[in-house]
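This is what each chain is made of:
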Amino acid sequence: MHASLAMPGRGAGAAARLAPQTGAATSNALAGLRRRARRPGGPLRSAALESVVAVKRGGGGAPGALPRGDALDGTILKLAVPAVLNFVILPLVGTVDTLWVGRLGDPQALAALGAANQVFSSVFFIVSFIPSVVTPLVAAAHASGDEALVKRRVGDALWVSCAVGLFASVMLGLFPGEALKSVLPAGTDAATRAQAQNYLGTRALAMLPAMLGFVGFATFRGILDVVTPLRVSLVTQSLNLILDPILIFGAKLGVTGAALATAASEVASAAIYLTLLARRGVFTVGDGARSLWDRVKPPSPASLAPLFVGGLGVLSRSIAMNTAFICVTRATQALDPTGEAAAAHTIAMQTWQLGGVVLFALSSVAAMLVPSTLNAPVDKGGGKVGAKLVADRMLGWGLAAGLLLAGCQLLALPLLNVFTPVESIREAARAPAMIGALLQLINGVTFVAEGVMQGHQAFFPLAVNAFVASAGLVTSLHLFGSTLPGVWYSFGVFNTIRFVGAMYHHRVTGPLGSRNAGQAAP
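Everything numeric here is computed off the predicted structure, so don't read it as measured data.

**Student:** I tried to follow the overall build of the protein on my own but got confused; where do I start?
**Tutor:** Helix and strand counts for the protein stand at 19 helices and zero strands. When the 522 residues of the protein are sorted by exposure, 59% land in the buried category. Carbon and sulfur atoms form 68% of the exposed surface of the protein, whose accessible area is close to 19,800 Å².

Now the structure itself:
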């Protein structure tokens, strides 16, 4: 799962569930987004400011934190629906992968899938720090009408992503066993270790395409096109769904078949995005490029500086976050030699991440709306007062979404039975799934508050918060990690620390906090 917690990150089923709720209004909203995305500033700037002005003047409802169906909520919904659909696709298909592998009836296969997926995801999120900062840079250039700068930003990101992605692909492909040592303890049975190595070695082939696809995804979000990435994801992940049963069962490749299906979808995604970028003229001569070589030559250090300044903070946070997830995976792999506990953890993680990705989508909306409002003229609804209104409302959406997801996941506990025919694994997955559902109660506000920090480009405070939270998780694992519920209680420690740090930044130390209240615009 490459974009699920970054990140970054398979939504036909989610689209079907949301369609009755949004109906024609959502279709009209998406059509409007497509039309306005072609203009500098796009829907993000105009719709957000119009909503804030309406709320501040009383024409769109009273200001407040909780959703109330006013103009501002309408803007959030228009941006959130495609964002949720886009981000939910990856864990949804990841859940289907887990379901198919679970039908093999082999606990070692599920344990191998969980371990290898965690290693690939951790490596990907660490090396994809450059694509993670592409969106705000492209958005700034696009809003100013500087298409030459847009092309240069995208070209620079593609260059760096190619180099880093190729290196990571070669290293994982040559040394999958070494990489898996971070999550598989020495006593892991040979069957689990062999299947995990086969899966990771195969997925490594898709590291470079995954990086290029991520740059394409970030670019289109930067130019405020939220529909194209959704369409690309639907097409490529449908390919994954089709290939899964064919390769796992038809070709009798087992876990390796699941890896091949995912790798094929990553290659298709990269090919589509590169084609779309070429059609937008990213690789054509003009706008200051005298030749094709001027367009595709290696970037200069000065050109790379904005990417690396933001990327360093993102990289630091990714290292801290993924160190935490690797520690959790290693702890679950060491719980029992049969692999049943690790298999149960894999199932619980899939259901938890499927809900968490909805919250991550709301986080991405906050990261766009808050800085857009903050940097707008005060008389147009912008400034710190308007940005504070938007941030608080987004936090209210996070709270409401967390409550809803917690209830849905508790009601969906019987669905755990579809992942595996092994009764002992089903029972072992029940407690962590319940704990994960309850954790959504704070996850909603936590994810949105971290999205607000990203909007402020507070990458290094985010990194510090992640390192403190990871230290708390490791300490908790040392004390309580001898059982699977104890491992999941440690997740609670991890996310509680993140919650406290993010809210402290929002309320006290950040641009909208009390320490800067005296500078707030009227």
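**Student:** It is not clear to me how the UniProt feature "transmembrane region" (unreviewed entry) in the protein should be interpreted in this structure. Could you clarify?
**Tutor:** On the UniProt side, "transmembrane region" (unreviewed entry) is annotated at positions that read residues 120-145, 157-175, 204-224, 354-374, 394-419, 431-452 and 458-480 here. End-to-end, the C-alpha atoms of residues 431-452 are 32 Å apart, and along that stretch the chain is 100% helix and 0% strand. Helix makes up 96% of residues 458-480 and strand 0%, with an end-to-end C-alpha separation of 32 Å.

**Student:** Explanation requested: the packing of helix α16 (residues 383-411) against helix α17 (residues 423-455) in the structure shown.
**Tutor:** Pairs of packed helices are described in terms of their axes, by the angle between the two and the distance that separates them. Between α16 and α17, the least distance of the axes is 8 Å, while the angle of their chain directions is 165°. As far as their axial angle goes, α17 and α16 are roughly antiparallel. Considering how the two elements wind past one another, α16 and α17 form a crossing that is right-handed. Contacts between α16 and α17 involve Ala391, Met394, Leu395, Gly398, Leu399, Gly402, Leu403, Leu405, Ala406, Gln409 and Leu410 on the former and, on the latter, Met434, Gly436, Ala437, Leu438, Gln440, Leu441, Gly444, Val445, Val448, Ala449 and Val452. Of the residues belonging to the contact of α16 with α17, the class tally is 16 nonpolar, six polar and no charged.

**Student:** How do you make sense of the nonpolar core when you look at a structure like this?
**Tutor:** Most often, soluble globular proteins have nonpolar side chains that are buried together. Core analysis: the biggest nonpolar cluster contains 124 residues, and Val101, Phe124, Leu180, Met394, Trp488 and Phe491 have the highest contact counts within it. Per-element tally for this core: the top contributor is helix α15 (residues 340-374), with 15 residues. Leave out the neighbours within four places in its chain, and Phe491 touches Phe325, Val328, His345, Met349, Trp352, Leu439 and Leu473.

**Student:** Explanation requested: the packing of aromatic side chains in the structure shown.
**Tutor:** Pairs of aromatic rings are described using the distance from one ring centre to the other and the angle between the two planes. Tallying each qualifying case throughout the model produces nine aromatic pairs. Taken together, the ring pairs in this structure connect Phe325, Trp352, Trp488, Phe491 and Phe494 into an aromatic cluster. When the ring centre of Phe120 is taken as reference, the NZ or CZ atom of Arg203 above it lies at 3.9 Å.

What counts, and at which threshold
Residues numbered from 1 in each chain as written. Predicted model: local features only at pLDDT ≥ 70, side-chain atom pairs only at ≥ 80, totals over all residues. Heavy atoms only, no water. Helix = DSSP H or I, 4+ residues; strand = E, 2+ residues; numbered from the N terminus. Buried < 20%, exposed > 50% of the residue type's maximum accessible area, 1.4 Å probe, protein only. Areas by Shrake-Rupley, 256 points an atom, 1.4 Å probe, with all protein chains shown as cover. UniProt positions renumbered as here; feature names shortened; annotations may be inferred. Axes fitted to C-alpha atoms, helices over the stretch in contact; angles between N-to-C directions. Parallel < 35°, antiparallel > 145°, perpendicular 65-115°, else oblique. Left-handed = near helix turned anticlockwise from the far one by under 90°. Contact = heavy atoms within 4.5 Å. Nonpolar A, V, L, I, M, F, W, Y, C, P; charged D, E, K, R; others polar. Core = buried A, V, L, I, M, F, W, Y, C linked by side-chain atoms within 4.5 Å. Phe/Tyr/Trp six-rings, centres within 6.5 Å; stacked < 30°, edge-to-face > 60°. Lys NZ or Arg CZ within 6 Å of the ring centre and 35° of its normal.

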